[in-house]
Amino acid sequence: MRTALITGVTGQDGSYLAELLLAKGYQVHGVVRRASTFNRGRIDHLRADPATRDRFFLHYGDLGDPESLTSVVDAVRPQEVYNLAAQSHVGISFTMPTYTGDVTAIGTVRLLEAVRRKVPEARLYQASSSELFGKAEETPQNERTPFHPRSPYAVAKLYSFWAAVNFREAYGMFAANGILFNHESPRRGENFVTRKITRAVAEITRGQRERVTLGNLEARRDWGYAGDFVDAMWRILAAEKPDDFVIGTGETHSVRELCEAAFAEVGIELEWEGGGGAEVGRERGAGTVRVAVDPKYYRPAEVDELQADAAKARRVLGWTPTVAFPELVRMMVRSDLAEVKRP
Ligand code: NAP
Ligand code: F7E
């Protein structure tokens, strides 16, 4: 039985990855941080299920605390380590740049050092991000596209990307980066734009609110399904040699298109009016404002457009996405509708 250790197991990706590895017969260990309220809603089902609960273990630890990481790595002695933990919100990283650097950059080195000291033969996956491309020099982006990070989050992820490469080159460790483009799901945190919109659509449909207030409607992202992307993580560690891979769908859409697609799921057609910070999206017919813009959600530096060229992952790993944008939006709106009950 293979043993894997996941940091960030309570997050969106951590929960899907734990499910995938348990389904493949792994013993899975997750690092959880202490919080005053329980933060395990995304993985509770795996701890309750008789088919998985005997192979799924949680350990307290924190990327800010090297001793806890060294202890858990030493106790578990994993063959595969997935470093998914991070302060992962780009907008919030502008408010908390030092903390973001400590967790999302230096935290990676704390984990790499723990692995190097205790289980140097283990394979390590580093959760790198399309945010590395930032003010991208070309579209679409692939493994040869230069990096130009645009936020404290992206700068921290850049440090971690090179830390993983450095441990590979300096110590011969199997450390590999997945440069993942945006991936979403019904388990996405509610302050990322996809889930913020699909949740609002559900609450508007149930009569619990009138509108959603957003920032930049023109930003374009390559949005895929998180379930597909954790399969890519596993494939990256199953490859013959450690390497870095771009993972994304190759399709790009604006936040405005995302709004239109999500509202269309509940039969609302949006009509745009005004521009910039004063723009609104009204419900055709009723005239009610369903989308408003508030510049407080603009970022000090924005990433305008991201689109993946995942040809290398397709060729070397045999990875292809299975869920396209319309299906992803439908899945998320339906899930939120099921969660948000009528008052
Ligand atoms: P997420 O939902 O925000 O999950 C982040 C996880 O990290 C949570 O389990 C969180 O724990 C944990 N964490 C945060 N700070 C920690 C600390 N100091 N010590 C230990 N654990 C800590 O993120 P995600 O969407 O699953 O993304 C997973 C990883 O991929 C992240 O590194 C993210 O930056 C990266 N990434 C994500 C995307 C994407 O589109 N989703 C794309 C590229 C890269 P709590 O539950 O306690 O908060
Ligand atoms: O923003 C715009 C915002 O926060 C997407 C993380 O998983 O993917 C994610 O980072 C776009 C941006 O994701 C709102 O300005 C407009 O242009 O959903 P997001 P992100 O910043 O792309 C990458 C790959 C990661 O690695 C990160 O960890 O949407 N936008 N209005 C808004 N964004 C938010 N959050 N809220 C708004 O109201």
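One can find the structure itself at the top, above this paragraph.
So, here is what we can say about the structure in this document. Since the model is a prediction, treat every value here as computed from it, not as a measurement.

**A word on the sheet that holds strand E4 (residues 80–83)**
An order of E3-E2-E1-E4-E5-E6-E11 is seen for the 7 strands of this open sheet, with the pairing classed as parallel. Every other strand in the sheet has two partners, leaving strand E3 (56–60) and strand E11 (245–247) as the edge strands with one partner each. Strand-to-strand, the axes of this sheet are offset by a mean angle of 20°, without reference to chain direction. The sheet contact formed by strand E2 (residues 27–32) and E3 spans 5 bridges and is parallel. For Val 31, the partnering residue across the bridge sits in E3 and is His 59. Relative to the sheet, helix H8 (residues 226–238) contacts E4, strand E5 (123–129), strand E6 (174–180) and E11, its axis offset from that of E6 by approximately 155°.

**Points about the pairing of E2**
With 5 of 6 residues buried, E2 is to be regarded as a mostly interior element. As defined by bridge partners, strand E1 (residues 3–7) adjoins E2 across 5 bridges and the pair is classed as parallel. Along E2, the bridge assignment pairs Ile 6 with Gly 30. Regarding the hand of the β-α-β motif, the stretch spanning E1, helix H1 (residues 12–23) and E2 is right-handed.

**Some words on the nonpolar core**
Ile 6, Leu 17, Phe 56, Tyr 82, Tyr 125 and Ile 247 are the most contacted members of the largest nonpolar core, which has 75 residues in total. When residues in this core are grouped by element, the largest group, 7 residues, is from H8. Ignoring any residue separated from it by four or fewer positions in sequence, one finds Ile 247 in contact with Ile 179, Leu 180, Phe 181, Phe 229, Ala 232, Ile 236, Ala 308, Ala 310, Ala 313 and Trp 319. In terms of nonpolar packing, the next biggest core, distinct from the first, is built from 20 residues, Leu 5, Ala 122, Leu 124 and Met 173 among them.

**Digging into the sheet that holds strand E14 (residues 280–283)**
Two orientations exist for strands paired in a sheet by backbone hydrogen bonds: parallel and antiparallel. If you trace the 4 strands from one edge of the open sheet to the other, you get E8-E15-E14-E13, paired in mixed fashion. Edge strands, defined here as strands with exactly one partner in the open sheet, are strand E8 (212–214) and strand E13 (270–273). Here the average twist between neighbouring strands, direction ignored, is 20°. Looking at chain direction, E14 and strand E15 (residues 289–293) are connected through 3 bridges and run antiparallel. Note on E15: the bridge partner recorded for Arg 282 is Val 289. Along the sheet, helix H7 (residues 193–205) makes contact with E8 and E15, crossing E8 at roughly 160°. In the packing of helix H9 (residues 255–264) onto the sheet, the strands contacted are E8, E13 and E15, and the crossing angle to E13 comes to about 145°.

**Some words on the packing of H1 against H8**
Contact pair H1 / H8: the axes reach a minimum separation of 9 Å and the direction vectors enclose 65°. The way H1 lies across H8 gives a crossing that is right-handed. Residue-level contacts link Gln 12, Asp 13, Tyr 16, Leu 17, Leu 20 and Leu 21 of H1 to Ala 226, Gly 227, Val 230, Asp 231, Met 233 and Trp 234 of H8. A breakdown of the residues in the contact of H1 with H8 according to their chemical character gives 8 nonpolar, 2 polar and 2 charged.

**Topic: the pattern of salt bridges**
A complete count under the given rule lists 30 salt bridges for this structure. For the salt bridge of Arg 117 with Glu 113, the shortest nitrogen-to-oxygen distance reads 2.8 Å. Note that Arg 117 and Glu 113 are positioned in helix H5 (residues 97–118) at a spacing of 4 residues, about one turn of the helix. Judged by relative accessible area, which is 59%, Arg 117 ranks as exposed. Measuring nitrogen to oxygen at the nearest pair gives 3.5 Å for the salt bridge that ties Arg 195 to Glu 339. On the criterion of sequence distance, the pair formed by Arg 195 in helix H7 and Glu 339 in helix H11 (residues 325–339) is long-range, its members being 144 residues apart. According to the relative accessible area criterion, Arg 195 is buried, its value standing at 4%. On the basis of relative accessible area, Glu 339 is assigned to the partly exposed category, the value being 44%.

**A few points about the site of ligand 2**
If you check the shell around ligand 2, you find 23 residues, and the closest are Ser 88, Ser 129, Tyr 153, Arg 299 and Glu 302. Between an oxygen atom of ligand 2 and a side-chain N or O atom of Tyr 153, the distance comes to 2.7 Å. Among the residues forming the shell around ligand 2, the class breakdown is 9 nonpolar, 8 polar and 6 charged.

Cut-off values and rules
Residues numbered from 1 in each chain as written. Chains lettered and ligands numbered in written order. Predicted model: local features only at pLDDT ≥ 70, side-chain atom pairs only at ≥ 80, totals over all residues. Heavy atoms only, no water. Pairing = 2+ DSSP bridges. Helix = DSSP H or I, 4+ residues; strand = E, 2+ residues; numbered from the N terminus. Axes fitted to C-alpha atoms, helices over the stretch in contact; angles between N-to-C directions. Contact = heavy atoms within 4.5 Å. Buried < 20%, exposed > 50% of the residue type's maximum accessible area, 1.4 Å probe, protein only. Right-handed = clockwise from strand over helix to strand, strands pointing away. Core = buried A, V, L, I, M, F, W, Y, C linked by side-chain atoms within 4.5 Å. Left-handed = near helix turned anticlockwise from the far one by under 90°. Nonpolar A, V, L, I, M, F, W, Y, C, P; charged D, E, K, R; others polar. Salt bridge = Lys/Arg side-chain N within 4 Å of Asp/Glu carboxyl O. Near = heavy atom within 4 Å. Polar contact = N/O pair within 3.5 Å; in protein donor to acceptor, adjacent residues only side chain to side chain.

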